[in-house]
Structure formats: structure tokens, C-alpha cells
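One-letter residues, chain by chain:
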Amino acid sequence: MYLQVLQRNGRSAFLVLNDYCRRTNTVLGVNVLSRRNIIDLSYSTHFMDFKGSSIPSSMKKLVVTKLSQNFRSAVSLQTVPVPTPGDGDLLVRNRFVGINASDINYSAGRYDPSVKPPFDAGFEGIGEVVGLGLSASARYTVGDNVAYFSEGAFADYTVIPAKKVVPVPSTKPEYLTMLLSGATAHIALRRLGDLTEGETVLVTAAAGGTGQFAVQFAKKAGCHVVGTCSSDEKAGFLKTIGCDRPINYKSEDLAATLRKEYPQGIDVVYESVGGGVFDLSVNALANKGRLIVIGFISGYQSASGLQQISGGTLPAKLLKKSASVRGFFLPHFLSDYRESLTDMMKLFAKGQLVCEVDRGDLDPEGRFVGLESVFRAVDHMYAGKNLGKVIVELIPAVDSKL
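Presented here is a report on the structure given in the accompanying data block. (Residues numbered from 1 in each chain as written. Predicted model: local features only at pLDDT ≥ 70, side-chain atom pairs only at ≥ 80, totals over all residues. Heavy atoms only, no water.)

### Observations concerning the packing of helix α7 (residues 173–193) against helix α8 (residues 211–220)
Helices that pack against each other are described as a pair by the angle of their axes relative to one another and the distance between those axes. Remark: α7 packs on α8, axes separated minimally by 9 Å, with the N-to-C direction vectors making an angle of 40°. Taken together, the axes of α7 and α8 are oblique relative to one another. As α7 runs across α8, the sense of the crossing is right-handed. Two secondary-structure elements touch here, α7 through Thr177, Met178, Ser181, Gly182, Ala185, His186 and Leu189 and α8 through Phe213, Ala214, Phe217 and Ala218. (Axes fitted to C-alpha atoms, helices over the stretch in contact; angles between N-to-C directions. Helix = DSSP H or I, 4+ residues; strand = E, 2+ residues; numbered from the N terminus. Parallel < 35°, antiparallel > 145°, perpendicular 65-115°, else oblique. Left-handed = near helix turned anticlockwise from the far one by under 90°. Contact = heavy atoms within 4.5 Å.)

### A look at the nonpolar core
Counting 90 residues, the largest nonpolar core has Leu90, Ile99, Phe154, Leu238, Phe328 and Val374 as its most contacted members. The element contributing the most residues to this core is α7, with eleven residues. What Val374 contacts, discounting residues up to four positions off in sequence, is Leu62, Phe71, Ile99, Phe154 and Val392. (Core = buried A, V, L, I, M, F, W, Y, C linked by side-chain atoms within 4.5 Å. Buried < 20%, exposed > 50% of the residue type's maximum accessible area, 1.4 Å probe, protein only.)

### A look at the packing of aromatic side chains
Any pair of aromatic rings gets described here by the distance separating the centres and the angle formed by the planes. Summed over the entire model, instances satisfying the criterion amount to ten aromatic pairs. Centroid distance Phe296 to Tyr300: 5.3 Å. Interplanar angle 70°. Geometry classified as edge-to-face. Accessibility expressed as a relative area gives 32% for Phe296, which makes it partly exposed. Overall, Tyr300 belongs to the buried group, its relative accessible area being 7%. (Phe/Tyr/Trp six-rings, centres within 6.5 Å; stacked < 30°, edge-to-face > 60°.)

### Points about the pairing of strand β3 (residues 89–98)
The element β3 is largely enclosed, with a buried count of ten among its ten residues. Bridge count between β3 and strand β7 (residues 157–161): five bridges; the pairing is antiparallel. Paired with Leu91 across the bridge in β7 is Val159. Where β3 meets strand β16 (residues 389–393), three bridges bridge the pair, whose relative direction is antiparallel. Residue Phe96 lies in a different strand from β16, and its bridge partner there is Glu393. (Pairing = 2+ DSSP bridges.)

### Section: the pairing of strand β13 (residues 285–293)
Of all nine residues in β13, seven are buried, a share of seventy percent or more. Across five bridges, strand β12 (residues 266–271) lies against β13 in parallel orientation. Directly across from Tyr270, in β13, lies its bridge partner Ile292. Where the polypeptide runs from β12 across helix α11 (residues 276–284) and back to β13, its parallel neighbour, the crossover connection is right-handed. (Right-handed = clockwise from strand over helix to strand, strands pointing away.)

### Points about helix α12 (residues 314–321)
Along α12, the residues classified as buried are Leu314, Leu318 and Lys321. Viewed along the axis of α12, the buried residues span an arc of 75°, placing them on a single side of the element. Turned more than 90 degrees away from the buried face of α12, the exposed residues are Pro315, Ala316, Leu319 and Lys320. Lining the buried residues of α12 we find α11, β13 and β14 (324–327). (Arc of directions from axis to C-beta.)

### Comments concerning the side chain of Thr158
Looking at the element boundaries, Thr158 is found in strand β7. Judged by its relative accessible area of 5%, Thr158 is buried. Among the polar contacts listed, one links the side chain of Thr158 to the backbone oxygen of Gly152, at a separation of 3.1 Å. Those residues in contact with Thr158 that lie beyond four places of it in its chain are Leu90, Leu91, Val92, Asn94, Tyr148, Gly152 and Ala153. (Polar contact = N/O pair within 3.5 Å; in protein donor to acceptor, adjacent residues only side chain to side chain.)

### Looking at the side chain of Ser340
Within the secondary structure, Ser340 is located in helix α13 (residues 337–349). Not counting the four nearest positions on each side in its chain, Ser340 is found in contact with Ala183, His186, Ile187 and Arg190.

### Quick look at the packing of α7 against α13
Where α7 contacts α13, the two axes come as close as 9 Å, and the packing angle between them is 115°. The hand of the α7/α13 crossing is right-handed. Residues Glu174, Tyr175, Met178, Leu179, Gly182, Ala183, His186, Ile187 and Arg190 of α7 pack against Tyr337, Glu339, Ser340, Leu341, Asp343, Met344, Met345 and Phe348 of α13. Of the residues assigned to the contact of α7 with α13, the class counts are ten nonpolar, three polar and four charged. (Nonpolar A, V, L, I, M, F, W, Y, C, P; charged D, E, K, R; others polar.)

Here's what the structure looks like:
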């Protein structure tokens, strides 16, 4: 690999890069050397180094060693060599990783039954580029901040193809919230919600990682937004992000409240809970209502991954109202991903998008820091204690750029 050549010998680095740039000049007809001076004997040092800090020979990562919906029993913490990036890859030192309800679906092997353990866990991370392959250096350099949505995020260091990462201004965890949670809400409502100004939108688990975004995007579309949550604290938060009617289902009867306050029904439901909440949402739909299924977290910890619903009566209920149920799975909408992320980042930069993160400050054992705390973070989310997107910090904040 180019990287190994570059590390071994500064002179070899000069010769390889010189040959590469000459070939690039011939193909493109431009003087690359005059535009980007990357050829010097120190390049081999910076190629796998960030600000002079040494990259260790080993690291920790979380590996699924057996298929189970019980995350703690399915996943183990292992010490392995730090991977080496290939020609088109980046080596990212992860600063924060995101926790998702689907982490246990992945550890249970529900997405791709052909994949057998062991395999790496985690879907999303944000951090600094500390190493890269030669082709990847055409677009990125050591020290760049990047975020990514790809397997194997639960690790100190992750190798990611350069084409899969997104440049970000900094490694603030707020950027991480947009990768999966924000993009799901943004694309699902735009592509499947068919939102019209003045409609009523119900968001279940509204104070969670993706719910917080659904509330905001529905409000920006001019809709009246109803959000379910499990505490008065979460209800207060929902009001701050534009939710017109937060409903704490621990202190209010959700079905009765919807019938009383919204007798004409709900136009769009952004549904992530499943089971009884799904049934209740179907019953609450207005004529021509749309229910978007983005998950069913209430069943993920069961052996089947599902909770029972009143499926037998579903066709009649939908027919009676000319209503529809629409499923959304983000990997099927990747053509929308870059545009969606760009739009969200612009809103965030303007202060027009709240990206709430839950770092475990209220957890009895303290903040989620280090890969060991991923297990606590998953438990925290499944206990319904989180407010916002649950994230885990992998590098303690020493001389932080945040």
C-alpha cells in the first residue's frame, strides 16, 4: 500500500508522490505541483499523524461476537491493532459516536442475515483525520474534521472510504445528531409526509434523537405539531423547539387527549414506538392521513423484534379513511442524503435548528466517556431516559477544539 511505502522512507514518499503528480498532470493537463505543494520529506511523518501526536499500535473497539437483541451479551470490547487506511481511505480518530435504537437490531443480525459474527458495531461517528491513503489525499488532509454514517463506528479509530465521509466545521457532537437521526426526519417527512401548511402532525417519542428533528421540520412546514414524551422535563423541552402540544403520556391518557383535542384526526404521524402506540396512531388518523413508520423501538428487545399490533383490522381502518401507512428505511433514500445534510447544516449554522445531545450528565454513573460506556448509553436510551440524541465521547476533553 502507498501508506506503508510512505511511512518507511521519506525518499520513497518523494518518488511515489512525484510520479503520481506527474501522471495526474498528464491526464488533467494542469500543473498540480504549482497548486498544491505536498511533496516534501516531512510528508511521510504527517501522513499518519495529527499535530505530532503518535498513533498507538493498538486500540479498543466493540465487536458483535454472537447474534442477540441483548446488546450486552452480543457485543464485547476488544483490543486490536489500529487499522491502516487503503489508497482511497481515511483513518479517523473518533471523537464522538452516536447511539441508535437500531444498534440492537444490528447486533441481532436482523438487517442482513447473511452476515455472521464477528463483525464491528456502531453506525456513526465524528472525529479528526489522522491518516489517509494517497488517492484520498486529493480531497482530505490530516487534521480535517469529518463525520460519517457507516458500520464500525464503535472504535477508537475507524477506517472509512473517503467518499463516505462528510466534512464538518468541527467535531461538535451536534453535527453527529444530523447524520442518522436528523436525516431520517428530514428525508422521511419531505419524501413521504407530503406536508401541507396547516396540517396536524403527531410525533411519537418526540424528545428523542430523531423525534426532536421531526418536530422542528414539521413546524417549519407550517404544521401544528403534537409530540408525545414521558416526562414534564421533556414536555418543556418540546415547547422550546416549537411543539404546539406536548403530551406526557405518563400523566395524560394519550388516546383520550387526541380524541378530545383533535376530533378531526391527525394528518401525519411520525411513528417510532410501535405496538400499542402504532395502533393508537392508526386510530387517530384523519381522512387521507399518512402514518410514517420509521421504527418500532418497543419491540426491539424482544426475540422477534416486534410487538403485537391490531393488524387484522388495519386494512378496514385504512380503507375507511383513505389513509396510508408508509415505511421509511434511510438506506433506501441515500440519493437524498447529501442534500438533506447540507440543508440541516445551513440551518444549524444560522441558529435555526436545535440539535439536542444527551451525554449522560444525569446518569448515576456520570457522562458517557469511553467505549466501555456505550453499554450504559444503550441502556439509558432503552429506559427512555434520554432527552435528545444519545452520544458517547471517546476522547476526554483535553485541549479540546470544541
